[in-house]
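Geometric and topological summary
Residues per chain, in single letters:
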Amino acid sequence: MVRIADWLTYADIEQLKQLTRFYGCQTNNQHSKNDLICALLQQFGKKNQLRSQISTLSQAEQRFLQLLVFDQSPAYTFEELLAKGRAALDGMDGEPRSLVVGALKRGWLFPGYSHRTQYLYHLPSDLGKQMCDIFLEPYVQPHFRLMSKPSFYRDEQGQMMEDLRLFLDILGKEDIRLTVDGSIYKQQQKYILQKMAIEEKPITEKGPRFGFGRRYHQYPDRFSFLYDYAFYQGYIIEDREGYLRLNVEKSGKTNQQEEVGKEMVRFFIRLYRKPIPHLPIILRWISSLCHPGWMMTEVVYQAVDPWLAPYYYETKESLFDKVVRMLVHLGVLREGVDGEVHYLSLTPMGAKWLRGITAFREKVIEDRFLKLG
């Protein structure tokens, strides 16, 4: 974690002069590196000035900065920064390169100083923390938060992993026939779903059904995700004889509950990222706002709304609801109600999992699941 003072020390004198000119800093000696650094530290040390600078940025510039400060990656290649620039513009007029150059001119990004890091760019850790706080300020007001537990809440930590093991155990003991379209027969579906910790009912209504995954149109939300994950991992096989089989060699890995839970969250991000391209930063916003204590669901939605876009028949609100619902099923979030107000809270395991996996790079991740489908 390298701070702004250290990055200024590593910078060459020409870069320091450029920064002092950009900010209009006064120095006694323009040829003294120490004087230049002292003047710049006074500039960067004032949070009110930083808040003012951020408020004058364009929408695309603010989005680019959010993609940096909420990412928490230690360094970026120039290509990764350009990818963030494209994500920030999201169809708006502008050049990704200009967003990167603007951050460099402001001293918000620094090129590496060693031979090993010379092609990497870094955001000073203390500067990134201040920026993150500034973005969060409008949403972390005390009246938006409930520090005690709400009157009613749902906590499904560990239950998705337990139901995965239960589903695989049933497959190991019983013959599960598949219909012509590849789904489990309704009677056996009903039997499996009744066994699960979070009970669902087979889909009975006719007509189109909208969601994400290979089998979403055939199974209820939670089970379709669990089924698709098991298929993606190779735990289950849809054989040519019309049976659903257990892959004994691979299914033994499900004993590592914490690792399976983390992998399920990774799978969720891959599965939902096509309809919600900015899902990683949405998850960073959610994790930042919903810990500690309980945050009003409406406020969380307001914070992530700019990163959502309608997808076919899905509105921004319905996409947000789907994300929250699945995060609750995965044990990442708790969902509560106090009076008539809905709240969200990050679980301990959710905080651990999201810290490790939402620092996503904006590059194409080849999804083996799409090939399997």
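An unreviewed UniProt entry lists the chain under the name Cytoplasmic protein, from Laceyella sacchari.

Time to look at the pairing of strand β11 (residues 341-346). Where strand β9 (residues 294-296) lies against β11, 2 bridges are found, and the strand directions are antiparallel. Within the sheet, the bridge partner assigned to Met295 lies in β11 and is Leu344.

Attention shifts here to helix α8 (residues 125-136). Taking 1.5 Å of rise per residue, 12 residues should cover 16 Å, and α8 covers 17 Å from first to last C-alpha, within 8% of that figure. Burial analysis of α8 places 10 of its 12 residues in the buried class, which makes it a mostly covered element. Taken as a whole, α8 has its buried residues at Ser125, Asp126, Leu127, Gly128, Gln130, Met131, Cys132, Ile134, Phe135 and Leu136. Structurally, α8 contributes buried residues whose contacts are with α1 (4-10), α3 (33-44), α4 (47-55), α5 (59-69) and α14 (279-289).

A separate point is the packing of aromatic side chains. Inspection of every chain in the model, using the stated rule, returns 25 aromatic pairs. Centroid distance Phe167 to Phe223: 5.2 Å. Interplanar angle 80°. Geometry classified as edge-to-face. Of this pair, Phe167 sits in helix α9 (residues 159-173) while Phe223 sits in helix α11 (residues 221-233); the two residues are 56 residues apart in sequence, bridging distant segments of the chain. A relative accessible area of 2% means that Phe223 is categorised as buried. For the ring pair Tyr219 and Phe223, a centre distance of 5.1 Å and an interplane angle of 80° mean the geometry is edge-to-face.

To continue, consider the confidence of the model for the chain. Averaged over all residues, the pLDDT of the chain equals 91, while 94% of them reach at least 70. Of all secondary-structure elements in the chain, the lowest mean pLDDT belongs to helix α18 (residues 368-372), at 43, while helix α15 (residues 297-304) reaches the highest, 98. With pLDDT under 50 throughout, residues 359-373 is counted as low confidence; its partners more than four residues away or in other chains account for 35 contacts.

Take the layout of surface pockets next. Here the idea is plain: a probe the size of a water molecule rolls over the atoms and shows the empty space left. In this model, the largest pocket occupies a volume close to 770 Å³. Forming the walls of the largest pocket are 31 residues, and the residues nearest its centre are Met1, Val69, Gln72, Ser73 and Ser125. Taken together, the elements giving at least two residues each to the lining of the largest pocket come down to α5, β3 (120-122), α8, α14 and α17 (348-357). In terms of residues, the lining of the largest pocket owes the most to one element, α8, which gives 6 residues. Among the residues forming the lining of the largest pocket, the class breakdown is 17 nonpolar, 9 polar and 5 charged.

Turning next to a nonpolar patch on the surface. Residues Phe210, Tyr312 and Tyr313 make up a contiguous nonpolar surface patch of about 450 Å² in total accessible area. For Tyr312, the position within the fold is in the loop between α15 and α16 (316-329). On the accessibility criterion, Tyr312 (72% relative accessible area) is exposed.

All right, on to the sheet that holds strand β7 (residues 236-238) then. Spatial ordering of the open sheet is given by β6-β8-β7, a layout of 3 strands whose pairing is antiparallel. Two strands lie at the open edges of the sheet, namely β6 (176-177) and β7, each paired on one side alone. Looking at chain direction, β6 and strand β8 (residues 243-246) are connected through 2 bridges and run antiparallel. Within the sheet, the bridge partner assigned to Arg177 lies in β8 and is Tyr243. Sheet strands touched by α11: β7 and β8. Its angle to β7, the strand with the most contacts, is close to 90°.

This part takes up the pattern of salt bridges. Evaluation of the coordinates by the stated rule reveals 24 salt bridges. As a salt-bridge pair, Arg3 and Asp126 come within 3.8 Å of each other at their nearest N and O atoms. Of this pair, Arg3 sits in the segment before α1 while Asp126 sits in helix α8, and the two are 123 residues apart along the sequence. A salt bridge links Glu156 to Arg154, with the shortest nitrogen-to-oxygen separation between them at 2.2 Å. Judged by relative accessible area, which is 36%, Arg154 ranks as partly exposed. Three or more residues are tied together by salt bridges with common partners; here these are Arg154, Glu156, Asp163, Arg222 and Glu335.

Describing two packed helices takes the angle between their axes plus the distance from one axis to the other. Helix α7 (residues 96-105) packs onto helix α6 (residues 78-89) with a crossing angle of 115° between their chain directions and a minimal axis gap of 8 Å. In terms of orientation, α6 and α7 fall into the roughly perpendicular class. The two elements α6 and α7 meet at a crossing, and its hand is right-handed. Between α6 and α7, the contacting residues are Phe78, Leu81, Leu82, Gly85, Arg86, Ala88 and Leu89 on the first element and Pro96, Arg97, Leu99 and Val100 on the second. Of the residues assigned to the contact of α6 with α7, the class counts are 8 nonpolar, 1 polar and 2 charged.

Moving on, we come to the sheet that holds strand β1 (residues 76-77). Spatially, the 3 strands line up as an open sheet ordered β1-β3-β2, and their pairing is antiparallel. Two strands in the sheet have a free side with no partner beyond their single neighbour: β1 and β2 (110-111). Sheet topology note: the β1/β3 ladder contains 2 bridges and is antiparallel. Residue pairing across strands places Thr77 opposite Leu120, the latter belonging to β3.

Reading guide: rules and limits
Residues numbered from 1 in each chain as written. Predicted model: local features only at pLDDT ≥ 70, side-chain atom pairs only at ≥ 80, totals over all residues. Heavy atoms only, no water. Pairing = 2+ DSSP bridges. Helix = DSSP H or I, 4+ residues; strand = E, 2+ residues; numbered from the N terminus. Expected span 1.5 Å × (residues − 1). Buried < 20%, exposed > 50% of the residue type's maximum accessible area, 1.4 Å probe, protein only. Contact = heavy atoms within 4.5 Å. Phe/Tyr/Trp six-rings, centres within 6.5 Å; stacked < 30°, edge-to-face > 60°. pLDDT = per-residue confidence, 0-100. 1 Å grid on protein atoms, 1.4 Å probe; cavity = no way out; pocket = protein on both sides within 12 Å on 5 of 7 lines; lining within 4 Å. Points joined across faces, edges and corners; volume = space filled by probe spheres on them. Nonpolar A, V, L, I, M, F, W, Y, C, P; charged D, E, K, R; others polar. Patch = residues over 30% accessible without salt bridge, like charges linked within 9 Å, V, L, I, M, F, W, Y side chains within 5 Å. Areas by Shrake-Rupley, 256 points an atom, 1.4 Å probe, with all protein chains shown as cover. Salt bridge = Lys/Arg side-chain N within 4 Å of Asp/Glu carboxyl O. Axes fitted to C-alpha atoms, helices over the stretch in contact; angles between N-to-C directions. Parallel < 35°, antiparallel > 145°, perpendicular 65-115°, else oblique. Left-handed = near helix turned anticlockwise from the far one by under 90°.

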